[in-house]
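# Structure at a glance
Here are the chains, one letter per residue:
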Amino acid sequence: AAFNYPRDIKMSTDNKKLYVADSGNHVISEVNLMDCKQVPRNESQQRCMATILAGWVGHPGSRDDIGRASTFSMPTGLAVGTYRGQEVIVVADSGNHRVRVLRRISGYHGQEEPHPPTALEGATFPDPKGNRFPYKLPGSQRR
């Protein structure tokens with residue numbers, strides 16, 4: 001994979017994928033660790049392929065949409081947690097001064113694609129020790 005200034009990397013909740021905030025390319029990428037291949041003539045190395053989950057390489061923007069139709073501007077941070085039993089990825093979209101959330105939806109051309117949920121109420125995020133803390137909206141205000 002050719003990353004351009006990757007700023008953050010997080011493990012999926014099932015420990016089978018890595019998510020990369022690729023700031024220079026303006027995308028969120030996924031590396032499926034289950035699909036890594038051994039490098040010929042070097043048994044200690046593996047080669048893994050990255051796929052773009054969200055964003056469009058080289059095209060910064062702030063569009064909320066499905067998969068690559070969404071756009072980011074210099075994503076710099078990630079958090080991975082659960083929302084209603086489903087994995088979510090929280091993205092620090094630094095160039096847009098926003099925090100955005102990706103979740104998987106089924107049935108889009110037979111594949112799972114990331115899509116922003118309407119709210120984060122009920123989401124939980126692990127601390128470095130693995131303890132899970134619920135996400136709460138500030139006060140009781142919703143927008």
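What comes next is a walk through the structure. The numbering scheme is per chain: residues are counted from 1 as the chain's sequence reads. Owing to the predicted nature of the model, reporting of local features is limited to residues with pLDDT of at least 70; listing and counting of side-chain atom pairs is limited to 80 or more, with chain, interface and lining totals taken over all residues. As a convention, hydrogens and water are excluded, and side-chain values are obtained from all of the structure's heavy atoms.

### Some points on the sheet that holds strand E2 (residues 17-22)
One open sheet holds the four strands; their spatial order is E1-E2-E3-E6, and the pairing between them is antiparallel. At either end of the open sheet lies a strand with only one pairing partner, and these are strand E1 (6-11) and strand E6 (50-55). Here the average twist between neighbouring strands, direction ignored, is 25 degrees. Alignment of E2 against strand E3 (residues 27-32), held across six bridges, turns out to be antiparallel. A strand pair is defined by DSSP finding two or more bridges across the two strands. For helices the rule is a DSSP run of H or I covering at least 4 residues; for strands it is a run of E covering at least 2, with both sets numbered from the N terminus onward. Every axis corresponds to a line fitted to the C-alpha atoms, with the helix fit spanning only the stretch in contact, and the corresponding angles, defined between N-to-C directions, vary from 0 to 180 degrees.

### Structural notes on the side chain of Ser73
Examined against the element boundaries, Ser73 turns out to sit in the loop between E6 and strand E7 (75-83). Any pair of residues with heavy atoms lying within 4.5 Å of one another is described as a contacting pair. Not counting residues within four places of it along the chain, the set of residues in contact with Ser73 comprises His26, Pro60, Gly61, Asp93, Ser94, Gly95 and Asn96.

### With respect to the pattern of salt bridges
Opposite charge on two side chains permits them to pair, given that their charged atoms come into close proximity. For this document, the term salt bridge refers to a Lys or Arg side-chain nitrogen within 4 Å of an Asp or Glu carboxyl oxygen. One pass over the full model with this rule turns up five salt bridges. Arg63 serves as the salt-bridge partner of Asp65, at 2.5 Å between the closest nitrogen and oxygen. For Arg98, the salt bridge identified is with Asp64, shortest N-O distance 3.2 Å. Linking Arg98 in strand E9 (residues 98-108) with Asp64 in the loop between E6 and E7, this pair joins segments that are 34 residues apart in sequence. Only protein chains enter the accessibility calculation, which uses a 1.4 Å probe; a residue is then buried when its area is under 20% of its type maximum, exposed when over 50%, and partly exposed in between. Judged by relative accessible area, which is 31%, Arg98 ranks as partly exposed. Judged by its relative accessible area of 42%, Asp64 is partly exposed. Among the ionic contacts, a cluster of salt bridges with common partners joins Asp64, Asp93, Arg98 and Arg100.

### Focus: the state of the cysteines
Any pair of cysteine sulfurs within 2.5 Å is marked as a disulfide. Scanning the model with the defined rule gives one disulfide in all. Paired by a disulfide, Cys36 and Cys48 hold their sulfur atoms 1.9 Å apart. Between Cys36 and Cys48 the sulfur-sulfur dihedral comes to about 110 degrees; the bridge is accordingly right-handed. Remark: Cys48 occurs in the loop between strand E5 (42-47) and E6 and Cys36 occurs in the loop between E3 and strand E4 (37-39); sequence separation between them is twelve residues. In this structure Cys36 comes out as buried when scored by relative accessible area, which is 14%.

### What about unusual backbone geometry?
Trans is the prevailing form of peptide bonds, just as negative phi is the prevailing case for residues other than glycine. A positive phi angle, close to 55 degrees, is found at Met74, a residue other than glycine. By the element assignment, Met74 lies in the loop between E6 and E7. Backbone geometry at His97 places phi at a positive 55 degrees, although glycine is not the residue there. With respect to the helices and strands, the residue His97 is situated in the loop between strand E8 (86-93) and E9. Looking at His97, the relative accessible area reads 74%, which means it is exposed.

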